[in-house]
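Coordinates in review
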Amino acid sequence: MNFPVKRGVGATWLLLAGMAAADPAARIIHAGFLQNPALEEISGLAGSRREIGLFWAINDSGNPADLYAFSSDGTHRGRWAIQDAENRDWEDLAAFRLDGQPWLLIADVGNNEGQVEELRLYILREPEAPRGGAPVERVAPVERVIRFRFEEGPRDCEAVAVDADRGQILLLTKRTVPAVLYALPLVPASGEEVLTARPLAAAENLPQPTADDLSDDPQYGRFRSQPTAMDLAPDGSALYVLTYKNAYIFPRHNEETWAEAIRRAPITVELPRMTQAETLAVEAGGRAFYVSSEQKPMPLLRVEPAPTGENP
């Protein structure tokens, strides 16, 4: 396929990693590497709702409760220590606008062993990341903490998105087959201290591992189709899901619900093989989405999918 890359280190990384056959309808560009050495194990990515070309990232468990800003080529812009927050197992990051203001949601929802009953979501105002000059070091307060449980008991989850227009927080389970989409209210109407995430629908058409996946990697091949990140198109027209293997787009037609959208067969965007692909973010303009890896070196791929009508 046509896989345009920058000269030098980006092209070298692609040759070393080996490229899987990708959907020729999608244009995939190696935009750069995440340059901040503090991003040891990136687990969440979000496109700024303040500035096109600005992105936010978080690290996985065992790291400080920090938020990082970088430009679309991977250039470090700043670090914000999140007040009164704990990084138990941060697994995704979502950006959204509510009442005309840009917000971020940090999802502390990882649950590999299925032992944690109560999970947390931290909501904060999206900081301003100055352009030019040295990266900044600042502090950001949490505006609200949402404590919740899954209705059917503990679930592992690494994929979270926010639909502010519908007042929903969407969560897609990781280890269940098929993956199940759950929802929480973004602005709870009741005074419940611990909310309940309720199931909407199973993603029955999300592809499962193929025979080649299992034979190529007998130890980890069965995990290749597990969801690791999720985001929404800024205009609410589609749901994007990342797995260790590929990205999938679930279009939403007219006024249908996300439960209806996720039941259909998705559009597949085949990605080059990456080491532990766990982050996806749709840019604010909605034209492209970005993907990166949890393991170093952390490449930043810009993916421009074909319009829905052109990709069967």
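1. Thoughts on the overall build of the chain
Along the backbone of the chain there are 3 helices and 21 strands. For the chain, the C-alpha radius of gyration of 18 Å lies close to 20 Å, the compact-globule estimate for 312 residues. Residues counted as buried form 54% of the 312 residues belonging to the chain. At a minimum sequence separation of 6, the contacts of the chain that also span at least 24 residues come to 53%. Put simply, the chain shows about 13,500 Å² of open surface, and 47% of that area lies on carbon and sulfur atoms. Here the chain contributes 31 positively and 45 negatively charged side chains, and the mean placements of these two sets differ by 3 Å.

2. Regarding empty space enclosed by the protein
Taken as a whole and assessed by the stated rule, the structure comprises 1 cavity of 30 Å³ or more. Empty space within the largest cavity amounts to approximately 40 Å³. Lining the largest cavity, in full, are Arg224, Thr243, Tyr244, Lys245, Asn246, Leu271, Pro272, Arg273, Met274 and Ala277. Class assignment of the residues belonging to the lining of the largest cavity gives a composition of 5 nonpolar, 2 polar and 3 charged.

3. Some words on the environment of Ile267
Following the sequence through the fold, Ile267 ends up in strand β18 (residues 267-270). The spacing of Ile267 and Arg138 is 129 residues in sequence and 40 Å in space, taken between C-alpha atoms.

4. Quick look at unusual backbone geometry
Look at the link from Val177 to Pro178: it is a cis peptide, with omega at -5°. With respect to the helices and strands, Pro178 occurs in the loop between β12 (168-173) and β13 (180-185). The backbone of Asp99 sits at a positive phi, close to 55°, despite the residue not being glycine. Positionally, Asp99 belongs in the loop between β6 (92-98) and β7 (101-108). Its relative accessible area of 74% is what places Asp99 among the exposed residues. Non-glycine residue Asn254 carries a positive phi angle of around 50°.

5. Some details on the pairing of strand β17 (residues 246-251)
The buried fraction of β17 amounts to 6 of the 6 residues, a majority that puts the element mostly inside the structure. Neither face of β17 is exposed, since Asn246, Tyr248 and Phe250 on one face and Ala247, Ile249 and Pro251 on the opposite face are all buried. In this sheet, β17 lies alongside strand β16 (residues 238-243) in antiparallel orientation, the contact comprising 5 bridges. Within the sheet, the bridge partner assigned to Val241 lies in β17 and is Tyr248. From the end of β16 to the start of β17, which pair antiparallel, there are 2 residues. Sheet topology note: the β17/β18 ladder contains 4 bridges and is antiparallel. Bridge pairing links Ala247 to Val269 in β18.

6. Details of the sheet that holds β12
Across the sheet, which stays open at both edges, the 8 strands sit in the order β6-β7-β8-β10-β14-β13-β12-β11 with mixed pairing between neighbours. Of all strands in the sheet, those bounded by a partner on one side alone are β6 and β11 (157-163). Neighbouring strand axes in the sheet, compared pairwise and without regard to direction, differ in orientation by 30° on average. One ladder, built from 7 bridges, connects β6 with β7; its direction is antiparallel. Bridged to Ala95 within β7 is Leu104.

7. Section: the nonpolar core
Core analysis: the biggest nonpolar cluster contains 24 residues, and Leu105, Val109, Leu121, Phe148, Ile169 and Leu171 have the highest contact counts within it. Discounting chain neighbours no more than four positions away, the residues touching Leu121 are Leu105, Ile106, Ala107, Val109, Arg144, Val145, Ile146, Phe148, Ile169 and Leu184.

8. Points about the packing of aromatic side chains
Applying the stated criterion across every chain yields a total of 7 aromatic pairs. Centroid distance Phe55 to Phe70: 6.0 Å. Interplanar angle 20°. Geometry classified as stacked. In this pair, Phe55 sits in strand β3 (residues 54-59) while Phe70 sits in strand β4 (residues 66-71), placing the two residues 15 residues apart along the sequence. Here the aromatic cluster, defined as three or more aromatic residues joined through ring pairs, consists of Phe55, Phe70 and Tyr290. Sitting over the ring of Trp258, Arg252 keeps its end group 4.7 Å from the ring centre.

Criteria and thresholds
Residues numbered from 1 in each chain as written. Predicted model: local features only at pLDDT ≥ 70, side-chain atom pairs only at ≥ 80, totals over all residues. Heavy atoms only, no water. Helix = DSSP H or I, 4+ residues; strand = E, 2+ residues; numbered from the N terminus. Rg over C-alpha atoms; globule rule 2.2 N^0.38 Å. Buried < 20%, exposed > 50% of the residue type's maximum accessible area, 1.4 Å probe, protein only. Contact = heavy atoms within 4.5 Å. Areas by Shrake-Rupley, 256 points an atom, 1.4 Å probe, with all protein chains shown as cover. Lys, Arg positive; Asp, Glu negative; His and termini not counted. Charge placed at Lys NZ, Arg CZ, Asp CG, Glu CD. 1 Å grid on protein atoms, 1.4 Å probe; cavity = no way out; pocket = protein on both sides within 12 Å on 5 of 7 lines; lining within 4 Å. Points joined across faces, edges and corners; volume = space filled by probe spheres on them. Nonpolar A, V, L, I, M, F, W, Y, C, P; charged D, E, K, R; others polar. Pairing = 2+ DSSP bridges. Axes fitted to C-alpha atoms, helices over the stretch in contact; angles between N-to-C directions. Core = buried A, V, L, I, M, F, W, Y, C linked by side-chain atoms within 4.5 Å. Phe/Tyr/Trp six-rings, centres within 6.5 Å; stacked < 30°, edge-to-face > 60°. Lys NZ or Arg CZ within 6 Å of the ring centre and 35° of its normal.

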